[in-house]
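Residues per chain are reported as follows:
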Amino acid sequence: MVDSYIKALVGFAVSHLLIEESDTVYCTNSILQLLKKDSYDNTCTEAEGELNELLDALCDYAAENGIIEDSVTYRDLFDTAVMGVLTPRPSQVIDKFNSLYAESPEKATDYYYKFSGDTNYIRRDRIAKIQKWQYASDYGTIDITVNLSKPEKDPKAIAAAKNAPQSGYPKCQLCRESEGYAGRVDFPARQNHRIIPITIDNSNWFMQYSPYVYYNEHCIVFNGKHTPMKIDKAAFSKLLEFVTLFPHYFVGSNADLPIVGGSILSHEHFQGGRYEFAMERAPIETEISFAGFENIRAGIVKWPMSTIRLQSADRESLVELADKILTGWRAYSDETAFIFAETDGVPHNTITPIARRRGDMYELDLVLRNNITTDEHPLGVFHPHAELHHIKKENIGLIEVMGLAVLPPRLKPELEALADALVNGKDLRANELTASHADWAESFAVNYSEINEENAMDIIKAEVGKVFAAVLEHAGVFKRTAEGKEAFLKFIKTV
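Residues numbered from 1 in each chain as written. Predicted model: local features only at pLDDT ≥ 70, side-chain atom pairs only at ≥ 80, totals over all residues. Heavy atoms only, no water.

Participant: Sorry, what's going on with the sheet that holds strand S15 (residues 404–407) here?
Facilitator: What links the strands of a sheet is backbone hydrogen bonding, and the strands pair in either a parallel or an antiparallel sense. Reading across the sheet, the three strands line up as S1-S2-S15 and stay open at both edges, with mixed pairing between neighbours. Looking at strand neighbours, the two that pair on one side only are strand S1 (131–137) and S15, the edges of this open sheet. Ignoring strand direction, the axes of neighbouring strands in this sheet form an average angle of 20°. Where strand S2 (residues 140–146) and S15 come together, four bridges link them in parallel fashion. Counterpart to Asp143 in the pairing with S15 is Leu404. Packed on one face of the sheet, helix H13 (residues 411–424) meets S1, S2 and S15 and runs near 65° to S1. In the packing of helix H15 (residues 456–475) onto the sheet, the strands contacted are S1, S2 and S15, and the crossing angle to S2 comes to about 105°. (Pairing = 2+ DSSP bridges. Helix = DSSP H or I, 4+ residues; strand = E, 2+ residues; numbered from the N terminus. Axes fitted to C-alpha atoms, helices over the stretch in contact; angles between N-to-C directions. Contact = heavy atoms within 4.5 Å.)

Right, here's the structure in full:
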């Protein structure tokens, strides 16, 4: 009986401090309205189940009674509307966050992160599906994930979106106008979404968590205005200001050029969180110095992507030096290293910056990027090359730069089929799931005396880790060879 699921859901909201006991009748009636029900048995027994199970039951009822189409897109739109009924107003969430921030930034983010899961904005049941493992590379222990948290594209919704009138509101999914938005077939519902205002660079910014949570407390920090991504002196200052406000978080920015940038270049934003990536653990392997910045420790990081690390207690000096390095890199060309600042007036050089705190010290990692393409490498010279596309073809953004692979969901069935084929001696090229992996699998299989049911997937996971390390090496502008090191130092001398 659907009433028992409504009762349980409202009870969940009370026990998780989303609503007060005095709100229960009002919220129950609001949910009844969404379900187009005009009666309710308040003597019913409360159903048992996790939050997603309770919402699934309400979606089942809505689909069975013709209220929604029974597909993932329409179910997501509907269950978000239900949770919107139970989600506090923005002012209440902001007041609670600020009162806790006055005690400590950690208390504030602990509350807000839990809240974002309790409202089902972060869909914990989907996050739990992400496959994760680690690989001990030459650069330290890197993280490998197969992203299963995003639902597959819904054919019904795709068809409906083609016929729907185009809307320019909100301008993008990062815009503050997304908060509370009901969504549509081509834009996610956000009635259960709450954002936190913060001041950065004397302007209005906001913080939220990513609904897909690729790592612990994966947050997004975004400009209150819909303005394009830009890596400049101000960006370095903003990053360092954020880690001053939230010293227990790191924060970084995708680059501002296609191929080496993120998926949303139209809206300035950063990504941060409470997670230690392999890059952070990687040591400085070559100390360097910059005249006039003796108060800054600088060095080349032992990392597959070309990274300069700056450390100082002086924020302003860090910003000045970072800008000096960026300015030099924007204009830098070295034909022997196939680095060209521009071709036909199109710029290629930029930086992926990451900021963090180490005690009282500030730390900036500046990752040098170049997005030039050639006929041989049409997706990018400093991008995973074609022989690695069976594992990773997509752009190498901030998260991958730091050492966490976000691999496509197609790999789950493909790697499972590959394990089965290797164990049972099947023709790798005869199955479309394994055909693209055949050359790779044959090349590593000879290195193992036996591949059986017990070890097949562990072997494949380790080999995927090796591929991701190679992906990062391909994305590095100065290669980790004697010649590459010499070219890297040559650039540094020009700054």
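Participant: How should I be thinking about the pairing of strand S13 (residues 349–358) in this particular structure?
Facilitator: Within a regular beta strand, the side chains point alternately toward one face of the sheet and then the other, so they alternate between its two faces. Taken across its 10 residues, S13 has eight buried, putting it largely inside the fold. In the sheet, strand S6 (residues 250–252) pairs with S13 via two bridges, with the strands oriented antiparallel. Paired with Val251 across the strands is Ala355, a residue of S13. As judged from the 10 bridges shared by S13 and strand S14 (residues 361–370), these two strands associate in the antiparallel manner. Bridge assignment links Thr350 to a residue of S14, and that residue is Arg369. Turn length for the S13-S14 hairpin, with the two strands adjacent in sequence and antiparallel, is two residues, and the turn residue Gly359 shows positive phi of about 65°. (Buried < 20%, exposed > 50% of the residue type's maximum accessible area, 1.4 Å probe, protein only.)

Participant: Could you clarify how one ought to interpret the environment of Thr244 in this entry?
Facilitator: Looking at the element boundaries, Thr244 is found in helix H9 (residues 233–245). Assessed through its relative accessible area of 31%, Thr244 is described here as partly exposed. A C-alpha to C-alpha distance of 9.6 Å links Thr244 and Arg315, two positions 71 residues apart in sequence. Filtering out sequence-adjacent residues up to four positions away, Thr244 remains in contact with Arg315, Arg357 and Tyr362.

Participant: Explain unusual backbone geometry to me, please; I cannot follow it from the model alone.
Facilitator: Excluding glycine, a negative phi dihedral is what most residues carry, and trans is how most peptide bonds are arranged. In this structure, Pro170 follows Tyr169 across a cis peptide bond, with omega equal to -20°. Inspection of the secondary structure puts Pro170 in the loop between helix H8 (155–163) and strand S3 (196–200). Here Asn120, not a glycine, exhibits a phi torsion of approximately 70°, which is positive. For Asn120, the position within the fold is in the loop between helix H6 (105–118) and helix H7 (124–127). Its identity as a non-glycine residue notwithstanding, Glu217 has a phi of 55°, on the positive side. Among the secondary structure elements, Glu217 is positioned in the loop between strand S4 (203–209) and strand S5 (219–223). Overall, Glu217 belongs to the buried group, its relative accessible area being 6%.

Participant: Can you walk me through the sheet that holds S13 in this structure?
Facilitator: On the basis of which strands lie adjacent, the open sheet formed by 10 strands has the order S3-S4-S5-S7-S6-S13-S14-S10-S9-S8 and antiparallel pairing. A single partner strand is all that each edge strand has here, and the edge strands are S3 and strand S8 (284–288). The sheet shows a mean angle of 25° between the axes of neighbouring strands, taken without regard to direction. Contacts from H6 reach S3 and S4, with the element oriented near 55° to S4. On top of the sheet, H9 reaches S3, S4, S5, S6, strand S7 (269–273), S13 and S14; it is set at about 20° to S13, its chief contact.

Participant: Is there a simple way to explain empty space enclosed by the protein in this structure?
Facilitator: A probe as big as a water molecule, rolled over the atoms, marks out the empty space that is left. Applying the stated rule across the entire model yields one cavity of 30 Å³ or more. The volume enclosed by the largest cavity comes to roughly 40 Å³. In terms of lining, the largest cavity is formed by Phe250, Tyr275, Phe277, Met279, Glu280, Ile354, Arg356 and Met402. Contributions of two or more residues to the lining of the largest cavity are made by helix H10 (278–281) and S13. Of the residues belonging to the lining of the largest cavity, the class tally is six nonpolar, no polar and two charged. (1 Å grid on protein atoms, 1.4 Å probe; cavity = no way out; pocket = protein on both sides within 12 Å on 5 of 7 lines; lining within 4 Å. Points joined across faces, edges and corners; volume = space filled by probe spheres on them. Nonpolar A, V, L, I, M, F, W, Y, C, P; charged D, E, K, R; others polar.)

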